[in-house]
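Take a look at the letters that make up each chain.
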Amino acid sequence: MADIILVAVIAAVIAFVAGYFMRKYLAEAKIASAEEQAGKIMKQAEKDAEAKKREAILEAKEEILKLRNEIERENKDRRNELQRLERRLVQKEETLDRKMEGIEKKEESLSRKEWEIDNTKNQLTDIYKRQVQELERISGLTSEDARQILLSDIEKEIQHDAAMLIKEIENKAKEEGEKRAREIISMAIQRCAADHVAETTVAVIPLPNDEMKGRIIGREGRNIRAFETLTGIDLIIDDTPEAVILSGFDPIRRETARIALEKLIIDGRIHPARIEEMVEKARKEVEVQIREAGEQASFETGVHGLHPELLNLLGRLKFRTSYGQNVLKHSIEVAHLAGLMAAELGVDISMAKRAGLLHDIGKAMDHEVEGPHVAIGVEVAKKYGENPDVLHAIAAHHGDEDPKTLAAVLVQAADAVSAARPGARRETLESYIKRLQKLEEIASSFEGADKCYAIQAGREIRIMVKPEKVDDLGAVRLVREIAKKIENELDYPGQIKVVILRETRVVDYAK
């Protein structure tokens, strides 16, 4: 038993020792393998480091080469720029040298010409002295006497020119003083547009057929006599096909007659009793139109609180004309213009509009009451309790009184603007043509004038002169003489521009 234990112990010891040596051998083998692996890694790392080092060196060399090339290219560009600048400097120096040579030559030429001019001047002085002596001998006047005569003529011309200059300066001063007023008026005109109506003293009534003419005349003319007696309008029946004419200077009566006749034609029953009935109906319709026209004018202009009779008189102006301009439309336009200008000046707009609307109220009664429409208008407005400023504006709108209030001045200006608007009032063709003919006659009366044309509605006259008779200096003298004669013989607003055209033509043909 003891032997077995001993053998077991010895076997265990032997196994332990064998195991120890076996582990030691294996450990040494692993250590050797690790060391060998570490050596390989170190060698590989050294090789990679060497390769990266060579790559970095190559990149650095390439960068250095690139920078060197760029520096060389910049240096080359700078050298080229310097060479170009040097060439330009050389060219400029050469140009300056040539200019200096040219200047020196010009100075020599100028010196020579100056000497020639001095020589010529001395010769001319001698010639002038001899001519003066000869002229004194021929004319029998000394140079001092001739100088006095010339100075006298020049003094007269200068006095006239000075007067014209003073007048021009005064006009400019007025223009500066009125600049604001012109701006206000132009703005008011621009913002106010009105229709222009040309009225006549006749009305044409169309008929369905010519048989109606006999029915209008009636048996032995009783129908036409009754119609004319009731309306106060002449009924003209002539050869005009399918039409009759109503003629009369009272536009209200003419409108009444027109409405009555149209109703009779539509109705077909024409006899004195029916005529009287239709005329009465037409008269009432016209009265309604008159009242509505007055109320519409008051509403359109914003003028309220007018007496009913004043509204009625305003409506009557619808059938009243002045130089072809409808008076009611003219009054409405004046009210608008006066109100616009009052707004720009910061004064009472309602007062200006009221005075503008009523300024021609007297024309509604001037064919019934004796006296001018201004005085009639003042009396009517005063009768119906209008403001004293409105009465003064009515009285002063044609200059019968000096305007003392801004409203009066504005109404006066607005009335002039409305009446002077192009197309508002008719001017007879004969008077217009006569004015232009007189202007052309004055210009044609001067010697040397060939053709004369009045243009711009008589505000400019153009004169074609004969070049062989009128030279340049003569043209200057001629235009002054024509302007003086126009000033002395014509009355005109503003100014007339006188233009002289002198043309010399030389013609040849290439054959």
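Note that the structure is predicted; figures quoted are calculated from it, not measured. Position labels on residues start from 1 in each chain and follow its written sequence. At least 70 in pLDDT is required for a residue's local features to be given in this predicted model, at least 80 for side-chain atom pairs to be given and counted, and no such filter applies to totals for whole chains, interfaces and linings, which use all residues. Neither water nor hydrogens contribute to the side-chain values; these are computed over all heavy atoms in the structure.

### Side note on the overall build of the chain
The following threshold applies: Only DSSP runs of H or I covering at least 4 residues are called helices, and only runs of E covering at least 2 are called strands; the numbering of each starts at the N terminus. Between buried and exposed lies partly exposed: a residue is buried under 20% and exposed over 50% of the maximum accessible area for its type, with that area taken using a 1.4 Å probe on protein chains only. Should any heavy atoms of two residues lie within 4.5 Å, those residues are counted as being in contact. Where accessible areas are quoted, they stem from the Shrake-Rupley method and a 1.4 Å probe; at the residue level, only the protein chains shown are allowed to cover.
Along its length, the chain carries 15 helices and eight strands. The buried share among the 511 residues of the chain stands at 28%. A separation of at least 24 residues holds for 60% of the contacts in the chain among residues at least 6 apart in sequence. Put simply, the chain shows about 35,500 Å² of open surface, and 55% of that area lies on carbon and sulfur atoms.

### Looking at the pairing of strand β7 (residues 460-465)
Moving residue by residue along a regular strand, the side chains alternate between the two faces of the sheet. Rules: For two strands to count as paired, DSSP must find a minimum of two bridges between them.
The pairing of strand β6 (residues 449-455) with β7 spans six bridges and is antiparallel. Residue A449 lies in a different strand from β7, and its bridge partner there is V465. By the bridge criterion, five bridges tie β7 to strand β8 (residues 497-501) in an arrangement that is parallel. In the sheet register, I463 faces β8, and the bridge partner there is I500.

### A few points about a nonpolar patch on the surface
Heads up, the rule is: Patches here: salt-bridge-free residues with over 30% relative accessible area, like charges joined within 9 Å, nonpolar side chains (Val, Leu, Ile, Met, Phe, Trp, Tyr) joined within 5 Å. Salt bridge, as used here, is a side-chain nitrogen of Lys or Arg placed within 4 Å of a carboxyl oxygen of Asp or Glu.
A grouping of I5, V9, V13, F16, V17, Y20 and F21 is seen on the molecular surface, where their side chains present a nonpolar patch of about 680 Å² in accessible area. Relative to the helices and strands, V17 resides in helix α1 (residues 2-139). V17 sits in the partly exposed class, given a relative accessible area of 34%.

### Some thoughts on the pattern of salt bridges
Under the definition given, this model contains 15 salt bridges. We note a salt bridge from D267 to R269, for which the minimum N-O separation is 2.9 Å. Of the charged contacts, one joins D360 and K363 as a salt bridge, the two residues approaching to 3.7 Å between their closest N and O atoms. An identical accessibility class is assigned to D360 and K363; each is buried. Connected through salt bridges with shared partners, the residues D267, R269, R274, E277 and K281 form a single ionic network.

### A closer look at helix α5 (residues 222-231)
Rules: Each direction from the helix axis to a C-beta atom contributes to the arc, which is the arc of those directions.
All of the buried residues in α5 are N223, I224, A226, F227 and T231. The buried residues of α5 occupy one face: seen down the axis, they fall within an arc of 160 degrees. Contacts made by the buried residues of α5 are with α4 (211-217), β2 (234-236), β3 (243-247), α6 (251-267) and α7 (272-301). Trailing α5 by a residue or two, G232 shows a phi angle of about 75 degrees, which is positive.

### Quick look at the nonpolar core
Worth spelling out the cut-off: Among buried residues, those of type Ala, Val, Leu, Ile, Met, Phe, Trp, Tyr and Cys that are joined through side-chain atoms within 4.5 Å constitute a nonpolar core.
Grouped together as the largest cluster of nonpolar side chains are 33 residues, with contacts concentrated most on L306, L313, L314, L357 and L358. Going through the elements one at a time, α7, α8 (308-316), α9 (327-345), α10 (349-358), α11 (373-383), α12 (388-396) and α13 (406-420) are the ones with two or more residues in this core. It is α12 that contributes the most residues to this core, six residues altogether. Excluding its chain neighbours within four sequence positions, the residues that come into contact with L313 are I361, A364, M365 and V380. Grouped together as the second largest cluster of nonpolar side chains are 27 residues, A226, I233, I259 and I290 included.

### Things to note about the layout of surface pockets
What counts, and what does not: Think of a 1 Å grid over the protein atoms and nothing else: a 1.4 Å probe that fits but is trapped marks a cavity, an open set flanked by protein within 12 Å on at least five of seven lines marks a pocket, and residues with an atom within 4 Å of a point count as lining. Grid points are joined across faces, edges and corners, and a volume is the space filled by probe spheres set on the points. Charged residues are taken to be Asp, Glu, Lys and Arg, nonpolar residues to be Ala, Val, Leu, Ile, Met, Phe, Trp, Tyr, Cys and Pro, and polar residues to be all remaining types, Gly included.
In this structure, the largest pocket occupies an estimated 810 Å³ of space. Around the largest pocket sit 23 residues that line it, and M164, K167, E487, Q495 and I496 are the ones nearest its centre. Mapped onto the lining of the largest pocket, the elements with two or more residues apiece are α2 (143-177), α15 (472-489) and β8. For the lining of the largest pocket, the element with the most residues is α2, which contributes ten residues. Considering only residue class, the lining of the largest pocket consists of nine nonpolar, four polar and ten charged.

### Points about the packing of α7 against α9
What counts, and what does not: Note on definitions: angles span 0 to 180 degrees between N-to-C directions of axes, and those axes are lines fitted to C-alpha atoms, for helices only across the stretch in contact. Working rule for angles: under 35 degrees goes down as roughly parallel, over 145 as roughly antiparallel, 65 to 115 as roughly perpendicular, anything else as oblique. Two helices cross in a left-handed way if the nearer one is turned anticlockwise from the farther one by less than a right angle. They cross in a right-handed way if the turn is clockwise.
With their axes 10 Å apart at the nearest point, α7 and α9 run at an angle of 20 degrees to one another. By the criterion of interaxial angle, the relationship of α7 to α9 is roughly parallel. The interaxial crossing formed by α7 with α9 has right-handed handedness. Between α7, through A293, A297, E300 and T301, and α9, the contact on the second element is made entirely by L328, I332, A335 and H336.

### So, the sheet that holds β6
Spatially, β6-β7-β8 is the arrangement adopted by the three strands of the open sheet, whose pairing is mixed. In the strand order of this sheet, the two ends are held by β6 and β8, each with one partner. Averaged over all pairs of adjacent strands, the angle between their axes in this sheet comes to 20 degrees, without regard to strand direction. Across the sheet, α15 lies against β7 and β8, angled at about 150 degrees from β8, the strand it touches most.

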